Amino acid sequence: YVKIPSPSYKEAEFAKILKKDMEELGIEVIVDNAGEKAGSNTGNLIGFLKGNKNVEPIMFCAHMDTVKPCENIEPIIEDGIIKSKGDTILSADDKAGIVAILEAIRYIKENNIPHGDIELVFTICEEVGLYGSKYLDYSKIKSKMAFVLDASGEIGGVNVQGPAQSQIYAKFHGKAAHAGLSPENGINAIQVAAKAISNMKLLRIDEETTANVGVIKGGSATNIVADYAEIELEARSLKEEKLEKQVNHMIESIENAAKEFGAKVDIDVKHAYPTFLLEKDEPILDIIKNAMEKLNISYKPSTTGGGSDTNIFNSKGIKAATLSIGMFNAHSVN
């Protein structure tokens with residue numbers, strides 16, 4: 001699977017092979033229309049395995065898309081550990097999750113293990129905004145409980161709490177002038193952006209909140225006072241009210257800088273995903289703990305700083321937890 005490139009928005013080639021493999025396992029598969037809404041060349045794969053036991057249906061989820069560089073991946077196996085060659089990612093995020101889910105289905109069928117209805121959801125565009133789970137056709141989903149196999153670290157790790165995230169896009173409009181002849185006639189949009197950033201509290205705000213400037217673009221030449229600059233920022237917090245406070249502070253810094261220099265600014269804020277928190281007595285956590293106990297795996301609940309399909313499922317009324325799948329150094333070539 002890792003040898004089949006599936007970057008966000010281009011998961012179709014992998015989805016086609018995955019669908020075929022699912023159907024060979026006796027799983028009924030449909031492709032929803034999430035791709036049309038997200039701008040991908042395929043939708044989510046929704047699999048259904050009919051049960052033979054009268055229990056509540058459960059869902060397993062992993063995402064099909066990966067970050068780049070994901071072309072020409074050469075997996076290397078050393079001492080039972082699968083690694084990347086060092087010039088691409090491995091795609092364990094999240095193909096290790098997909099493989100684990102399919103292997104579980106295979107094991108259930110080969111050993112005639114009684115089970116309730118099982119739903120599988122393999123999402124698109126998770127890495128670029130959780131669009132697969134946002135646009136999932138929920139009319140096809142019956143489960144009220146979802147196990148998302150998409151966390152880094154040793155097996156036994158379970159993300160029971162995650163932050164909300166907001167993204168801020170600011171476009172500064174200054175005034176061009178010759179940088180050598182009449183710089184005083186210009187308004188440097190890059191300078192305005194720099195002033196805004198310098199007035200922001202960034203990175204680790206407190207134990208529950210972070211903020212970052214990730215992208216800055218602007219200008220055209222050193223001899224022109226830059227009349228345009230743009231910045232992309234984000235903030236995350238385990239508390240929605242703290243997130244709102246941090247976002248407002250960042251917006252205020254942007255607006256004040258523009259006002260100080262006489263520039264104009266366009267600001268767009270997107271709330272990417274909400275927080276989630278599973279209480280200790282949630283039934284889903286009991287199921288996870290019991291399964292781990294049977295396998296002598298140490299249950300390690302944790303809070304994550306990242307977002308995943310889990311955030312979206314919980315906001316849709318489906319209790320979801322993210323399980324570690326033994327991947328390390330995700331989003332890197334290591």
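Refer to the structure printed above.
Attention in this report is confined to the structure presented alongside it. Note that this is a predicted model, so its numbers are computed, not measured.

Quick notes on the overall build of the protein
(1) Moving on: In terms of helices and strands, the protein carries 8 helices and 16 strands.
(2) Moving on: Overall size of the protein, expressed as C-alpha extent along the three principal axes, is 80 × 45 × 40 Å.
(3) Moving on: In the protein, which comprises 334 residues, the proportion classed as buried is 45%.
(4) Moving on: Within the protein, contacts between residues at least 6 apart in sequence are counted, and of these 77% link residues at least 24 apart.
(5) Moving on: Here the protein displays about 17,000 Å² of accessible surface, and carbon together with sulfur accounts for 51% of that area.

Structural notes on unusual backbone geometry
(1) Moving on: Cis geometry marks the peptide bond from lysine 68 to proline 69; its omega dihedral reads 0°.
(2) Moving on: Mapped onto the secondary structure, proline 69 falls in the loop between strand 3 (58-63) and strand 4 (76-78).
(3) Moving on: Residues other than glycine seldom take positive phi values, yet asparagine 112 does so here, at roughly 50°.
(4) Moving on: Topologically, asparagine 112 is positioned in the loop between helix 3 (92-110) and strand 6 (118-123).
(5) Moving on: With phi around 55°, asparagine 329 is a residue other than glycine that occupies positive phi space.
(6) Moving on: As for its position among the elements, asparagine 329 is in the segment after strand 16 (319-327).

A word on the sheet that holds strand 10 (residues 203-206)
(1) Moving on: On the basis of which strands lie adjacent, the open sheet formed by 5 strands has the order 10-11-12-9-13 and antiparallel pairing. The two strands at the open ends of the sheet, each matched to only one other strand, are strand 10 and strand 13 (264-273). Between one strand and the next, the sheet's axes are offset by a mean angle of 20°, whatever the strand orientation.
(2) Moving on: Two strands pair when backbone bridges link them, and strand 9 (residues 164-173) and strand 12 (residues 228-237) are joined in this way by 10 bridges, in the antiparallel orientation. Across the sheet, isoleucine 168 pairs through a bridge with leucine 233, a residue of strand 12.

A closer look at the packing of helix 5 (residues 189-198) against helix 6 (residues 240-261)
(1) Moving on: Two elements in contact, helix 5 and helix 6, have axes whose closest approach is 8 Å; the angle formed by their N-to-C orientations is 140°. Overall, the two elements helix 5 and helix 6 adopt an arrangement that is oblique. Our pair here, helix 5 against helix 6, has a crossing hand that is right-handed. In this structure, helix 5 contributes Gln191, Val192, Lys195 and Ala196 to the contact, and helix 6 contributes Ser253, Ile254, Ala257, Ala258, Glu260 and Phe261.

Focus: helix 3
(1) Moving on: Compared with an ideal rise of 1.5 Å per residue, which puts 19 residues at 27 Å, helix 3 spans 25 Å between its outermost C-alpha atoms and is within 8% of the ideal.
(2) Moving on: Lining the buried residues of helix 3 we find helix 1 (12-24), strand 2 (45-49), strand 3, strand 6, strand 7 (145-152) and strand 16.
(3) Moving on: In the segment just after helix 3, asparagine 112 is the residue with positive phi, at about 50°.

A few points about the packing of aromatic side chains
(1) Moving on: Throughout the structure, instances matching the rule amount to 4 aromatic pairs.
(2) Moving on: The interplanar angle of 10° and the centroid separation of 6.1 Å between the aromatic rings of tyrosine 131 and tyrosine 135 together place this pair among those described as stacked.
(3) Moving on: Its relative accessible area of 29% is what places tyrosine 135 among the partly exposed residues.
(4) Moving on: Summarising the aromatic geometry, the rings of tyrosine 138 and phenylalanine 313 are spaced 6.5 Å apart at their centres and angled 80° between planes, so their arrangement reads as edge-to-face.

Details of the packing of helix 1 against helix 3
(1) Moving on: Contact geometry for helix 1 and helix 3: axes closest at 12 Å, N-to-C directions at 15°. Comparing their axes, helix 3 and helix 1 come out roughly parallel. Between helix 1 and helix 3 lies a crossing whose hand is right-handed. Touching Phe14, Leu18 and Met22 of helix 1 are Lys95, Ile98 and Leu102, all from helix 3.
(2) Moving on: Taken together, the residues of the contact of helix 1 with helix 3 sort by class into 5 nonpolar, no polar and 1 charged.

Thoughts on the environment of alanine 146
(1) Moving on: Relative to the helices and strands, alanine 146 resides in strand 7.
(2) Moving on: Taking C-alpha positions, alanine 146 is 8.9 Å from asparagine 314, a pair spaced 168 residues apart along the chain.

Side note on the pairing of strand 6
(1) Moving on: Most of strand 6 is tucked away: 6 of the 6 residues are buried.
(2) Moving on: With burial as the criterion, each face of strand 6 is covered, one bearing Ile118, Leu120 and Phe122 and the other bearing Glu119, Val121 and Thr123.
(3) Moving on: In terms of strand pairing, strand 2 meets strand 6 through 5 bridges, oriented antiparallel. For phenylalanine 48, the partnering residue across the bridge sits in strand 6 and is glutamate 119.
(4) Moving on: Both strand 3 and strand 6 contribute to a ladder of 6 bridges, which runs parallel. If you follow phenylalanine 60 over to strand 6, its bridge partner there is leucine 120.

Observations regarding the pattern of salt bridges
(1) Moving on: Enumeration according to the criterion identifies 13 salt bridges in this entry.
(2) Moving on: Between lysine 19 and glutamate 23 there is a salt bridge, and its shortest N-O distance comes to 2.9 Å. Here lysine 19 pairs with glutamate 23, and both are found in helix 1, just 4 residues apart, close to one helical turn.
(3) Moving on: For lysine 19, a relative accessible area of 27% gives the class partly exposed.
(4) Moving on: Glutamate 260 is the partner of lysine 195 in a salt bridge, and the nearest nitrogen-oxygen pair spans 3.9 Å. Within this pair, whereas lysine 195 is found in helix 5, its partner glutamate 260 is found in helix 6, the two being separated by 65 residues in sequence.
(5) Moving on: If you follow the salt bridges from partner to partner, you end up with Asp206, Glu208, Lys239 and Lys242 in one network.

Parameters and conventions
Residues numbered from 1 in each chain as written. Predicted model: local features only at pLDDT ≥ 70, side-chain atom pairs only at ≥ 80, totals over all residues. Heavy atoms only, no water. Helix = DSSP H or I, 4+ residues; strand = E, 2+ residues; numbered from the N terminus. Buried < 20%, exposed > 50% of the residue type's maximum accessible area, 1.4 Å probe, protein only. Contact = heavy atoms within 4.5 Å. Areas by Shrake-Rupley, 256 points an atom, 1.4 Å probe, with all protein chains shown as cover. Pairing = 2+ DSSP bridges. Axes fitted to C-alpha atoms, helices over the stretch in contact; angles between N-to-C directions. Parallel < 35°, antiparallel > 145°, perpendicular 65-115°, else oblique. Left-handed = near helix turned anticlockwise from the far one by under 90°. Expected span 1.5 Å × (residues − 1). Phe/Tyr/Trp six-rings, centres within 6.5 Å; stacked < 30°, edge-to-face > 60°. Nonpolar A, V, L, I, M, F, W, Y, C, P; charged D, E, K, R; others polar. Salt bridge = Lys/Arg side-chain N within 4 Å of Asp/Glu carboxyl O.

Nothing here speaks to function; it is geometry throughout.
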